[in-house]
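Residue-level structural notes
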Amino acid sequence: MLQTAVHKDSPTLGIGFYTVPEAARLLKIRPLNIRRWLGGYSYTQGEKTIDMPPLWTPQLPSYDHHIELGFRDLIELRVIKSFLDAGLSILTVRNCLEYARECASDDRPFSTRRFRTDGRTIFLESLRRTGEDEVLDLKSHQYAIKKVIDRTFKDLDISRDIVTRWRPFEGKQSIVIDPKRAFGQPIANSYGVPTIVLADAMKAEGSVEHVSRLYDVSPSAVRDAVKFEQSLAA
């Protein structure tokens, strides 16, 4: 269950707020992976210990040694997961991220308009710069990269050159994740009610019509909220 337990004085207004488990649930990523990518980690190669720094510093400061994320962190992770699902390695993605920062002049380049329009070119150039183009099948990777970018940005809204909203339920407008509303929790767009609240109410009441009247939302909004929450659990 998504909970927004914001600690006192947390600077989350307009940024969004997600704990690692919450982000993992929304993105269907293992919490351990998020902690490793944003907290850094070490591994042993032969007799050497190699330290891998965080991919970037989260928008929010850690609290009680726990990583806390903002909305743009969430979108960056979503793009990274899409690339990994397409068969790219985390090292390849890391190299692209570093080069994309230069191109977009932004520490979170995957959630920018620049990456939406030039992402494939940026990715391929990063492969050339690191020499990976010599060992990877560029033709297949060009296709995979374009497919990932097109699919990822299809349900994202961009304003002032950065991603500002995610429509996570089949790209429909009925459910949105907006950092300026409800701390970035998924909500029924026209009503502002968190989807988890509507879904939990349905479990308790067992009637779409009753929940609709109880929260003053449309029956279709209740149904979409329930389906969305069920999709996260699948």
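Residues numbered from 1 in each chain as written. Predicted model: local features only at pLDDT ≥ 70, side-chain atom pairs only at ≥ 80, totals over all residues. Heavy atoms only, no water.

Considerations on the packing of aromatic side chains
- This structure, assessed with the given rule, holds six aromatic pairs.
- Considering the side-chain rings of Phe110 and Phe115, the 4.7 Å spacing of their centres and the 45° angle between planes classify their relative orientation as tilted.
- Note on Phe169 and Phe228: the rings are 6.5 Å apart at their centroids and 75° apart in plane angle, and the pair reads as edge-to-face. You can see Phe169 sitting in the loop between strand 6 (162-166) and strand 7 (175-177) and its partner Phe228 sitting in helix 9 (residues 219-233), a full 59 residues away along the chain. A single burial state applies to Phe169 and to Phe228, both of which are buried.
- An aromatic cluster is built from Phe83, Phe110, Phe115 and Phe123, whose rings are joined through pairwise contacts.
- When the ring centre of Tyr41 is taken as origin, the NZ or CZ atom of Arg36, which lies over that ring, is 3.9 Å away. (Phe/Tyr/Trp six-rings, centres within 6.5 Å; stacked < 30°, edge-to-face > 60°. Helix = DSSP H or I, 4+ residues; strand = E, 2+ residues; numbered from the N terminus. Buried < 20%, exposed > 50% of the residue type's maximum accessible area, 1.4 Å probe, protein only. Lys NZ or Arg CZ within 6 Å of the ring centre and 35° of its normal.)

Looking at the pattern of salt bridges
- Inspection of every chain in the model, using the stated rule, returns 14 salt bridges.
- Of the charged contacts, one joins Arg25 and Glu229 as a salt bridge, the two residues approaching to 2.3 Å between their closest N and O atoms. With Arg25 in helix 1 (residues 20-27) and Glu229 in helix 9, this residue pair connects regions lying 204 residues apart in the sequence.
- You can call Glu229 buried: its relative accessible area is 7%.
- Sharing partners across several salt bridges, the network here consists of Arg116, Lys146 and Asp150. (Salt bridge = Lys/Arg side-chain N within 4 Å of Asp/Glu carboxyl O.)

Structural notes on the packing of helix 3 (residues 71-85) against helix 4 (residues 90-104)
- Their axes nearest at 10 Å, the elements helix 3 and helix 4 cross at an angle of 135°. It follows from the interaxial angle that helix 3 and helix 4 lie oblique. Handedness of the helix 3/helix 4 crossing: right-handed. On helix 4, the residues that touch Glu76, Ile80, Phe83 and Leu84 of helix 3 are Ile90, Val93 and Leu97.
- For the contact of helix 3 with helix 4, the residue count by class is six nonpolar, no polar and one charged. (Axes fitted to C-alpha atoms, helices over the stretch in contact; angles between N-to-C directions. Parallel < 35°, antiparallel > 145°, perpendicular 65-115°, else oblique. Left-handed = near helix turned anticlockwise from the far one by under 90°. Contact = heavy atoms within 4.5 Å. Nonpolar A, V, L, I, M, F, W, Y, C, P; charged D, E, K, R; others polar.)

Notes on the confidence of the model for the protein chain
- Of all residues in the protein chain, 91% have pLDDT values of 70 or greater, and the mean over the chain is 91.
- Contacts from residues 1-6, a stretch scored under 50 in pLDDT, to residues over four places away or in other chains number 17 contacts. (pLDDT = per-residue confidence, 0-100.)

Looking at the pairing of strand 6
- Of the strand pairs in this sheet, strand 5 (residues 156-159) and strand 6 are connected by four bridges, and their pairing is antiparallel. From the neighbouring strand, Ile158 faces strand 6, where its bridge partner is Val163.
- In sequence, strand 5 turns back onto strand 6 through a hairpin of two residues, with Arg160 there showing a positive phi of about 55°. (Pairing = 2+ DSSP bridges.)

Digging into the side chain of Asp73
- Locating Asp73 in the fold gives a position in helix 3.
- Polar side-chain contacts of Asp73 include one of 2.9 Å to the backbone nitrogen of Gly70.
- In this structure the side chain of Asp73 is engaged in a polar contact, spanning 2.8 Å, whose partner is the side chain of Arg108.
- Ignoring any residue separated from it by four or fewer positions in sequence, one finds Asp73 in contact with Trp56, Thr57, Pro58, Gln59, Leu60 and Arg108. (Polar contact = N/O pair within 3.5 Å; in protein donor to acceptor, adjacent residues only side chain to side chain.)

Re helix 1
- Burial analysis of helix 1 places six of its eight residues in the buried class, which makes it a mostly covered element.
- Within the sequence span of helix 1, burial applies to Val20, Glu22, Ala23, Ala24, Leu26 and Leu27.
- Of the residues one or two after helix 1, Lys28 is the one with positive phi, at around 60°.

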